[in-house]
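The chain contents come next:
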Amino acid sequence: MKIIASNFKTNHTRKSTKVFVEEVNDFLNKEDIKNDVYIFPPATALDNFDVQKNLIIGTQNAFYVKNGSFTGEIGTEQLDEFEIKTILIGHSERRHTLGESQHDIALKYNYYKSLGYKIIYCVGEPLEEKQAGFTSTLGYIWEQFDGIDLEYENLIIAYEPIWAIGTGVVASVEDIALIVGKINSRITAPLLYGGSVKPSNIDEILAIEDLDGTLVGTSSWDVEDFKEMIKITKNRS
């Protein structure tokens, strides 16, 4: 079945996240939706939510430690309190806005792999690589797999072209399909697409061959829009 994930980024509060999660959980029950649905709230909103098995709460980030002197970070001690066992790693905003290197990303990946976490691992190219051509785009993406075990059984890959994230600029179905096909030739893990996904285009994106779901940012922050996209995802499964 197709997968859908919501990345809240630096949005929603502890209170609004609780309301959001409860409403989505009720919707899954009411509509008998069995697809895996992931929600990644900000760290301050993580909690022990009483939800059905296929609604998974994950963390957008954590350092590769249990605990220690790492100001501003969280580790597995904090995640364990809320039974969080799913993590986003490699998101472009952490790579490009916050300066995470591939070396640090690989350290984080392998730490959480060693603990059995479900990992959604993000890759994607900036506009200048896209403009440089297909070969350059692929080379850039392949570098983001350095130090990453693509055979890890709890891995999901998310392809997110950076120039399409939060910009309203949507990659064409043909562009997505071309890159998805190449990535799929190297992996066995499920593959998601992210980048200005919204209710009006999610159906045609989910129709792309070899694509297993979507990772949604801005358009998923409104619970009604997210529920609509969940229903479309169910119908595409």
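Residues numbered from 1 in each chain as written. Predicted model: local features only at pLDDT ≥ 70, side-chain atom pairs only at ≥ 80, totals over all residues. Heavy atoms only, no water.

Student: In this structure, what is going on with helix H6 (residues 134-143)? I would like to understand it.
Tutor: Since there are 3.6 residues in each turn of an α-helix, residues three or four apart along the chain are aligned in direction. The complete set of buried residues in H6 reads Thr137, Leu138, Tyr140 and Ile141. Axial view of H6: buried residues confined to an arc of 160°, hence all on one face. Facing away from the buried side of H6, by more than 90 degrees, are the exposed residues Thr135 and Glu143. Against the buried residues of H6 lie helix H3 (92-97), strand S5 (118-123), helix H5 (127-132), strand S6 (155-159) and helix H7 (173-184). (Buried < 20%, exposed > 50% of the residue type's maximum accessible area, 1.4 Å probe, protein only. Helix = DSSP H or I, 4+ residues; strand = E, 2+ residues; numbered from the N terminus. Arc of directions from axis to C-beta. Contact = heavy atoms within 4.5 Å.)

Student: I'm lost on the sheet that holds strand S2 (residues 37-40) in this one. Help?
Tutor: Sheet strands pair by backbone hydrogen bonding; their relative direction is either parallel or antiparallel. The strand order S3-S2-S1-S8-S7-S6-S5-S4 describes an open sheet built from 8 strands, whose pairing is parallel. Only two strands of the sheet have a single neighbouring strand rather than two, namely strand S3 (55-57) and strand S4 (86-89). Between one strand axis and the next, the sheet turns by 25° as a mean value, whatever way the strands run. Of the strand pairs in this sheet, strand S1 (residues 3-7) and S2 are connected by 4 bridges, and their pairing is parallel. Note on S2: the bridge partner recorded for Ser6 is Ile39. Helix-sheet contacts for helix H4 (residues 102-114) involve S4, S5 and S6, and the interaxial angle to S5 is about 160°. Packed on one face of the sheet, H7 meets S5, S6 and strand S7 (191-193) and runs near 160° to S7. (Pairing = 2+ DSSP bridges. Axes fitted to C-alpha atoms, helices over the stretch in contact; angles between N-to-C directions.)

Student: Explain the layout of surface pockets to me, please; I cannot follow it from the model alone.
Tutor: To find leftover empty space, one rolls a probe the size of a water molecule over the atoms. By volume, the largest pocket is sized at about 400 Å³. Lining the largest pocket we find 17 residues, and of these Lys9, Thr10, Gln60, Asn61 and Arg94 sit closest to its centre. Here the second largest pocket defines a volume of roughly 240 Å³. Around the second largest pocket, the lining comprises 13 residues; the ones closest to its centre are Leu55, Ile57, Phe82, Glu83 and Ile84. Considered class by class, the residues forming the lining of the second largest pocket number 7 nonpolar, 2 polar and 4 charged. (1 Å grid on protein atoms, 1.4 Å probe; cavity = no way out; pocket = protein on both sides within 12 Å on 5 of 7 lines; lining within 4 Å. Points joined across faces, edges and corners; volume = space filled by probe spheres on them. Nonpolar A, V, L, I, M, F, W, Y, C, P; charged D, E, K, R; others polar.)

Student: Explanation requested: the pattern of salt bridges in the structure shown.
Tutor: As a working rule, side chains carrying opposite charge can pair if their charged atoms are close by. Applying the stated rule across the entire model yields 12 salt bridges. Here Lys113 makes a salt bridge to Asp149, at a shortest N to O gap of 2.8 Å. Taken together, the positions of Lys113 in helix H4 and Asp149 in the loop between H6 and S6 put the pair 36 residues apart, joining distant regions of the chain. Taking relative accessible area as the criterion, Lys113 reaches 28% and is therefore assigned partly exposed. (Salt bridge = Lys/Arg side-chain N within 4 Å of Asp/Glu carboxyl O.)

Student: In this structure, what is going on with the side chain of Ser92? I would like to understand it.
Tutor: Structurally, the position occupied by Ser92 is in helix H3. You can call Ser92 buried: its relative accessible area is 10%. Discounting chain neighbours no more than four positions away, the residues touching Ser92 are Thr97, Ile162 and Ile165.

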